[in-house]
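Here's the letter readout for the chains.
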Amino acid sequence: MSSRSEDLFARACELIPGGVNSPVRACHNVHCHPAFIARGKGSHLFDVDGKEYVDFVLSWGPMILGHAKEEVTRAVAEAAGRGTSYGAPCEDEVTLAAMVTEALPSVEMVRMVNSGTEATMSALRLARGYTGRNKLVKFIGCYHGHADPFLAAAGSGVATFSIPGTPGVPESVVADTLLAPYNDLEAVRSIFEQQGSEIAAVIVEPVAANMGLVEPAEGFLQGLRELTAKHGALLIFDEVITGFRLSYGGAQARYGITPDLTTFGKIIGGGLPVGAFGGKAEIMNHIAPRGEVYQAGTLSGNPLAMAAGLATLRLLKSCDYAALEKRTAAFAHELEAVLLQKGVPVQVHTIASMFTPYFCDTPVTCFADVKKCDTGLFETFYKQMREQGIFLAPSAFETGMVSFAHTDDDFNKALEAAKKVAF
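Quantities reported herein were computed from a predicted structural model and do not represent experimental measurements. Going along each chain's sequence as written, the residues are numbered from 1 onward. Reporting in this predicted model follows two pLDDT cut-offs: at least 70 for local features of residues, and 80 or more for side-chain atom pairs to be given and counted; totals over whole chains, interfaces and linings ignore these cut-offs and use all residues. The side-chain figures draw on all heavy atoms in the structure; neither hydrogens nor water molecules are used.

Engineer: Quick question: what am I supposed to make of the sheet that holds strand β13 (residues 390-391) here?
Structural biologist: The strands making up a sheet are joined through hydrogen bonds of the backbone, oriented either antiparallel or parallel. When DSSP finds at least two bridges between two strands, those strands are taken to pair. Strands are runs of DSSP state E lasting at least two residues, helices are runs of H or I lasting at least four, and both sets are numbered from the N terminus onward. Read across the open sheet, the 4 strands follow the order β1-β2-β3-β13; overall the sheet is mixed. Where the open sheet ends on each side, the last strands, each with one partner, are β1 (37-41) and β13. Pairing analysis gives 4 bridges linking β1 to strand β2 (residues 44-47), with the strands arranged antiparallel. For K41, the partnering residue across the bridge sits in β2 and is H44.

Quick look at the structure:
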């Protein structure tokens, strides 16, 4: 007898391409059907069949306070009672913009949008308009949303499906996208030596979190800052994942690097559809209506997302990030020890409230290293952990997430489940 999730997926496949509204959710690469979720609370999810999971996906990152946080849901409900969309300015967007600029000194002005993809594509357009140049440097395996210029050697879902870019993106669109391996500063230096006067920007995940979790090598981010400044290009930090998760001030506060532009994702809206990009006022003033670079959106600054964002950031401002990092690191190290005892090649990377198990025994510093990992072992691990109520991302190229709502019982349940996995 099939489960309700299986029945829903079969029906969805008749109505929605692939049965899902975002590809990796289909669980194709781990060869199983997706669990359809009915609700979430704190660190747990509950599917339509009544199964409960400890959630280490957290809507792919933004639910750092956990699901259905009372203060956030109350703020959304109150905002909805006043209207769901105005297509006009509201007070909360000004207040939220002030909180973002206070949290990140590099961000003097910010423009709200509706997703991380909108944020990165708008930041790139602004960089090109501001510099009068067209070329972009991105890193192989880093994912910056599904806008055309970024779908060259992208990570995350694109890597999961082994799609080299994607049909529908003309070669001319990515012709100005220059590629370098993550953590390879010499490769970037070589690109600038050859084409520096044509490069508008370098965009980088300061901690790569879409090829699993890869930290920047010592001096890598500082080197990017120096190269871009030397050649008149902008440095864009894609903090869609790391912003307000790596620390309240994001990766740039943790590493002491000041980018020219920064992009944010749904974490600044409590998981609602929202994103933002911001940076130096001199640059941001080139955005319409003050400047000549056009960007717009009817739902930008949506009152529901702004209310959720304000409630979220007000709570995060007083959260103990150091304590959460300590607990996450302890869990990650114990998980690695459990798996190593089974004789499988594995290393668990961790920073802040993120972790990734890589099933390999060689160093992982870039996407080429990630591709050497054993995805078959990951699939075995994923399926058996899910069966035991541990909800992980269904891809070896994603990052595990921990929230302030996770308890020691949650970690212990995951560790006990890992002990039972048979490879």
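Next, the rest of the story.
Engineer: It is not clear to me how the packing of aromatic side chains should be interpreted in this structure. Could you clarify?
Structural biologist: Two aromatic rings are characterised by how far apart their centres lie and by the angle between their planes. Pairing of aromatic side chains requires ring centres within 6.5 Å, counting the rings of Phe and Tyr and the six-membered ring of Trp. Pairs whose planes differ by under 30 degrees are stacked, by over 60 edge-to-face, and all others tilted. Taken as a whole and judged by the stated rule, the model has 16 aromatic pairs. Aromatic side chains F56 and F411 sit 6.5 Å apart centroid to centroid with 20 degrees between the ring planes, which places their arrangement in the stacked category. Linking F56 in the loop between β3 (52-55) and α2 (70-81) with F411 in helix α15 (residues 408-420), this pair joins segments that are 355 residues apart in sequence. Here the two residues F56 and F411 agree in accessibility, since each one is buried. Between F244 and F264, the aromatic rings sit 6.1 Å apart at their centres with planes inclined by 45 degrees, giving tilted as the arrangement. Pair noted here: F244 is in the loop between β8 (234-238) and α9 (250-255) and F264 is in strand β9 (residues 261-264), with a separation of 20 residues, a long-range link. Of the two residues examined, F244 and F264, each falls in the buried class. Within the aromatic cluster, the residues linked to one another by ring pairs are F56, F331, F355 and F411. Criterion for a charge above a ring: Lys NZ or Arg CZ within 6 Å of the ring centre, and within 35 degrees of the ring normal. Against the face of F46 rests R39, its NZ or CZ located 3.9 Å from the ring centre. Directly above the ring of Y53 sits K51, whose terminal nitrogen or CZ lies 5.9 Å from the centroid. Burial status follows relative accessibility: with a 1.4 Å probe on protein chains alone, a residue under 20% of its type maximum counts as buried, one over 50% as exposed, and anything between as partly exposed.

Engineer: What exactly am I supposed to notice about unusual backbone geometry here?
Structural biologist: Generally, phi is negative for residues other than glycine and the peptide bonds are trans, each holding for most cases. At the junction of A288 and P289, the peptide bond is cis and its omega measures out at 10 degrees in the coordinates. The topology assignment puts P289 in the loop between α10 (281-284) and α11 (303-316). The backbone phi angle of H31 is positive, close to 55 degrees, even though this residue is not glycine. Along the chain, the position of H31 falls in the loop between α1 (4-15) and β1.

Engineer: Would you mind going over the layout of surface pockets with me for this structure?
Structural biologist: A probe matching the size of a water molecule, rolled over the atoms, marks out where space remains unfilled. By volume, the second largest pocket amounts to about 380 Å³. Cavities and pockets were defined on a 1 Å grid built from protein atoms only: a cavity is a group of points that admits a 1.4 Å probe but offers it no way out, a pocket is an open group of points flanked by protein on both sides within 12 Å along at least five of seven lines, and a lining residue is one with an atom within 4 Å of any such point. Every residue lining the second largest pocket is counted, 21 residues in all, and those nearest its centre are P89, E93, R111, S300 and G301. Only α3 (91-103) and β4 (109-113) provide two or more residues apiece to the lining of the second largest pocket. Considered class by class, the residues forming the lining of the second largest pocket number 11 nonpolar, 8 polar and 2 charged. Grid points are joined across faces, edges and corners, and a volume is the space filled by probe spheres set on the points. Side-chain classes are defined by residue name, with Ala, Val, Leu, Ile, Met, Phe, Trp, Tyr, Cys and Pro counting as nonpolar, Asp, Glu, Lys and Arg as charged, and the others, Gly among them, as polar.

Engineer: How should I be thinking about the nonpolar core in this particular structure?
Structural biologist: As a rule of thumb, nonpolar side chains are buried together in soluble globular proteins. Take the buried Ala, Val, Leu, Ile, Met, Phe, Trp, Tyr and Cys residues and link them wherever side-chain atoms come within 4.5 Å; each set so joined is a nonpolar core. Counting 32 residues, the largest nonpolar core has M112, F244, Y248, F264, I268, L313 and L316 as the members making the most contacts within it. Residue assignment for this core shows that the elements contributing at least two residues are α2, α3, β4 and α11. For this core, the element with the most residues is α11, which contributes 9 residues. The residues touching Y248, leaving out its near neighbours within four places in the chain, are M99, A103, L313, L316, K317 and Y321. Any pair of residues with heavy atoms lying within 4.5 Å of one another is described as a contacting pair.

Engineer: Help me understand the pairing of β8 in this model?
Structural biologist: Regular strands have side chains that alternate between both faces of the sheet. Along β8, 5 of the 5 residues are buried, which leaves the element largely enclosed by surrounding structure. Here β8 shows no split at all, with L234, I236 and D238 on one side and L235 and F237 on the other all buried. As defined by bridge partners, strand β7 (residues 199-204) adjoins β8 across 4 bridges and the pair is classed as parallel. Paired with I203 across the strands is I236, a residue of β8.

Engineer: Sorry, what's going on with the confidence of the model for the protein here?
Structural biologist: Detailed conclusions should not be drawn from predicted coordinates in areas where pLDDT is low. Each residue gets a pLDDT score, which is the predictor's confidence in that residue and runs from 0 to 100. Summarising the model, the protein shows a mean pLDDT of 94, and 96% of its residues fall at 70 or more. Segment residues 155-164 is flagged for pLDDT under 50; beyond a separation of four residues in sequence, or across chains, it makes 25 contacts in the model.

Engineer: Can you help me understand empty space enclosed by the protein in this one?
Structural biologist: Applying the stated criterion across every chain, the model contains 2 cavities of 30 Å³ or more. Each pocket or cavity is described by its volume, and for the largest cavity that value is around 120 Å³. Taken together, 13 residues make up the lining of the largest cavity; nearest its centre are P357, F378, L392, A393 and G400. Elements represented by at least two residues in the lining of the largest cavity include exactly β12 (354-358) and α14 (375-387). Of all the elements, β12 adds the most residues to the lining of the largest cavity, at 3 residues. Looking at side-chain class alone, the lining of the largest cavity contains 8 nonpolar, 4 polar and 1 charged residues. Forming the walls of the second largest cavity are F56, F331, L335, F355, F381, M385, I390, L392 and A414. Elements with a contribution of two residues or more to the lining of the second largest cavity: α12 (321-340) and α14.

Engineer: Explain the sheet that holds strand β11 (residues 347-351) to me, please; I cannot follow it from the model alone.
Structural biologist: Judged by pairing direction, the sheet is antiparallel, and its 3 strands sit side by side in the order β11-β12-β14 without closing on themselves. Looking at strand neighbours, the two that pair on one side only are β11 and β14 (400-401), the edges of this open sheet. As defined by bridge partners, β11 adjoins β12 across 5 bridges and the pair is classed as antiparallel. Bridge pairing in β12 links V348 to P357. Inter-axis angles, ranging from 0 to 180 degrees, are taken between N-to-C directions of lines fitted to C-alpha atoms, where helices are fitted over the stretch in contact. Contacting β11 and β12, α12 crosses the sheet at an angle of about 175 degrees to β11.

Engineer: Even after reading the chapter, I still don't get the pattern of salt bridges, so can you show me in this structure?
Structural biologist: Where charged atoms from two side chains of opposite charge approach closely, those side chains can pair. Here a salt bridge means any side-chain nitrogen of Lys or Arg lying within 4 Å of a carboxyl oxygen belonging to Asp or Glu. What the rule picks out here adds up to 11 salt bridges. Of the charged contacts, one joins D176 and K135 as a salt bridge, the two residues approaching to 3.2 Å between their closest N and O atoms. Placement of D176 in the loop between α6 (171-174) and β6 (177-181) and of K135 in strand β5 (residues 135-140) is noted, with a sequence separation of 41 residues between them. Classification of D176 as partly exposed rests on a relative accessible area of 22%.

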